[in-house]
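Fold and contact review
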Amino acid sequence: MKVYINQNETEVPEGITVKELLDRQQIAAEGTAMAIDNKLVPKSEWSNRTLADGDKITLIRATFGG
């Protein structure tokens with residue numbers, strides 16, 4: 001199935017969770033916020049929230065330093 005991560009089309013397996021997606025994309029959960037279809041998804045739900053075909057995922061990463 002296809003989802004969109006920051007407007008980039010990505011092919012993922014059916015039934016994948018948010019946590020599995022982050023692991024697959026090698027994105028650390030720490031310092032990351034996520035919205036699906038413009039609705040914030042709390043980190044406490046990442047292991048249980050499954051993605052659906054066509055979901056639009058926005059990932060925001062905190063950056064440190066200067």
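Look up: the structure comes first, before these words.
Attention here is on the structure that accompanies the text.

Each value, and the rule that gives it
Residues numbered from 1 in each chain as written. Predicted model: local features only at pLDDT ≥ 70, side-chain atom pairs only at ≥ 80, totals over all residues. Heavy atoms only, no water. Core = buried A, V, L, I, M, F, W, Y, C linked by side-chain atoms within 4.5 Å. Buried < 20%, exposed > 50% of the residue type's maximum accessible area, 1.4 Å probe, protein only. Helix = DSSP H or I, 4+ residues; strand = E, 2+ residues; numbered from the N terminus. Contact = heavy atoms within 4.5 Å. Pairing = 2+ DSSP bridges. Salt bridge = Lys/Arg side-chain N within 4 Å of Asp/Glu carboxyl O.

1. What about the nonpolar core?
Grouped together as the largest cluster of nonpolar side chains are 15 residues, with contacts concentrated most on Val 18, Leu 21, Met 34, Ile 36, Leu 51 and Ile 57. When residues of this core are assigned to their parent elements, the largest contribution, 3 residues, is made by helix 1 (residues 18-24). Not counting residues within four places of it along the chain, the set of residues in contact with Val 18 comprises Met 34, Ile 36, Trp 46, Arg 49 and Leu 51.

2. Looking at the environment of Lys 56
Structurally, Lys 56 is set in strand 5 (residues 56-61). Each C-alpha atom of the pair Lys 56 and Gly 31 lies 20 Å from the other, and the pair is 25 residues apart in sequence. Not counting residues within four places of it along the chain, the set of residues in contact with Lys 56 comprises Tyr 4, Ala 35, Ile 36 and Asp 37.

3. Here's the deal with unusual backbone geometry
Across residues other than glycine, the phi torsion is negative in most instances, and most of the peptide bonds are trans. Positioned with a positive phi, Gln 7 is a non-glycine residue whose angle comes to about 75°. Structurally, Gln 7 is set in the loop between strand 1 (2-5) and strand 2 (8-11). Take Gln 7: its relative accessible area is 78%, and that puts it in the exposed class. At Gln 26, a position not held by glycine, the phi torsion is positive, near 55°.

4. So, the sheet that holds strand 4 (residues 39-40)
One open sheet accounts for 5 strands, arranged 2-1-5-3-4; its pairing is mixed. Each edge of the open sheet is held by one strand with a lone partner, namely strand 2 and strand 4. Sheet topology note: the strand 3 (residues 32-36)/strand 5 ladder contains 5 bridges and is antiparallel. Bridging across to strand 5, Ile 36 finds its partner in Ile 57.

5. Comments concerning the pattern of salt bridges
Counted by the stated rule, this structure contains 3 salt bridges. Here Lys 2 and Glu 9 are joined by a salt bridge, their closest N and O atoms 3.5 Å apart. When its relative accessible area of 48% is taken as the criterion, Glu 9 is described as partly exposed. In this structure, Asp 23 engages Lys 19 in a salt bridge whose closest nitrogen and oxygen atoms are separated by 2.9 Å. Note that Asp 23 and Lys 19 are positioned in helix 1 at a spacing of 4 residues, about one turn of the helix. On the basis of relative accessibility, which here comes to 33%, the residue Lys 19 falls in the partly exposed class.

The analysis is restricted to geometry; functional conclusions fall outside its scope.
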